[in-house]
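# Remarks on the overall topology
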Amino acid sequence: MASPIFPSTKDGFADPSPSSMPQAPKSSYTSALAPLTSVFSRFSQWRKSLDLPNPGTVENLQKEVKSTHLTNFMFDGARADLTKSLSMNPAFQVTHSFILGSQVSAPSYNFGAVFANNDIFLQGSVDHEGNVSARMNQGWAENSITKIQTQLSSQAGHSMIQLEHDYQGQDYSLNAKAVNPWPADLTGIYIGNYFQSVTRNLALGVETLYQRPTPDMSEFTTSYLAKLTSDDKNWIATAQVQPAGILQATYWQKLHEKVEVAADLQVMVSPQRRDAIATLGAKYDLRMATFRAQLDSTGKVSALLEQRFAPTFAFLNAAKVGVGVMIESTTLTPEEMGMPPQQ
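So, here is what we can say about the structure in this document. Computed from a predicted model, the values in this text were never measured in an experiment.

### With respect to the pattern of salt bridges
A pair can form between side chains of opposite charge whenever their charged atoms are brought close. Summed over all chains, the structure comprises 4 salt bridges. When the shortest N-O distance is used, the salt bridge between Glu-260 and Lys-283 registers 3.8 Å. Taken together, the residues Glu-260 in strand β16 (residues 259–269) and Lys-283 in strand β17 (residues 274–285) connect sequence positions 23 residues apart. When sorted by exposure, Glu-260 lands in the same class as Lys-283, which is buried. Linking Arg-273 and Asp-275 is a salt bridge whose minimum nitrogen-to-oxygen distance equals 3.1 Å. A relative accessible area of 44% means that Arg-273 is categorised as partly exposed. The partly exposed category is assigned to Asp-275, whose relative accessible area is 38%.

Listed below in structure tokens is the structure:
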């Protein structure tokens, strides 16, 4: 007759082996979340299978139109920019900027410096009145960047600080921004936006702005965005609907490798005011020059010619009228700067 088998003991206690320990029941919390986790996993796999492109950032929604139009390039009077590259890796350069004879601003001098490597970008400048501005971009990963921008001014109300974080997903972009935030009473300006590719050509987004200038005053507004891109990326159309009946629509097309055209329409419809302005512009790139021309519905005609005599020397002539010179000193060889080799 076989003898009964008893659990092994040691010093009078049973051996706590896994086979002799009771199994703990699964957590009800985990079981409740299991269906949601499964749905989210399937949704993520479905989104990945669509292989949608990244739509870009909301800040660069009208990047191509702004590069074609003259809004960011026009000036009057005389301007000179002298740049000296002190290092290439990491990049470090200094710039001296002079503005004279302008009808809209007083003569000024500005000294700036730029430092950049693979992870960080630093830019600072100071003018002749002692106003200081600085920027810092810190890259945590290829798709995650934190940005800080500050300005210190002797004039009341002109100093500011802006904190921003930008994240680029596979088929979306997310951005959060705070201007002059104050944690004690939550005053400041807070902006958040989300931009999502719906198809390979269409992206839709939303941007929300929350203003709290004082603890007793606040404002909340939301804008809606859309971007349509051709398969070959030779044309881009955008639209932005803002509160109070403001609509902005743009169209950009690359007609040739060296020719680009752009149109911008801004419409304001409100009980107090109804207004609209349309702007047409074109950019033509020559071998050593760039010509931009612009016409708007108010009858204003503008033109800008940038003539590069060498990669480090450029002459600008604006039809306002303005004249500018940009000189850059560098240690690179002509071949490294893209110039044809010397015979």
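### Digging into the pairing of strand β7 (residues 132–141)
Bridging between strand β6 (residues 120–127) and β7 involves 7 bridges; their strand directions are antiparallel. Bridge pairing links Ile-120 to Gln-138 in β7. What sits between β6 and β7 in their antiparallel hairpin is a turn of 4 residues, with Gly-130 showing a positive phi close to 90°. Of the strand pairs in this sheet, β7 and strand β8 (residues 144–152) are connected by 9 bridges, and their pairing is antiparallel. Each bridged residue has a counterpart across the sheet, and for Met-136 the counterpart in β8 is Ile-148. Connecting β7 to the antiparallel partner β8 that follows it, the hairpin turn spans 2 residues.

Rules of the game
Residues numbered from 1 in each chain as written. Predicted model: local features only at pLDDT ≥ 70, side-chain atom pairs only at ≥ 80, totals over all residues. Heavy atoms only, no water. Salt bridge = Lys/Arg side-chain N within 4 Å of Asp/Glu carboxyl O. Helix = DSSP H or I, 4+ residues; strand = E, 2+ residues; numbered from the N terminus. Buried < 20%, exposed > 50% of the residue type's maximum accessible area, 1.4 Å probe, protein only. Pairing = 2+ DSSP bridges.

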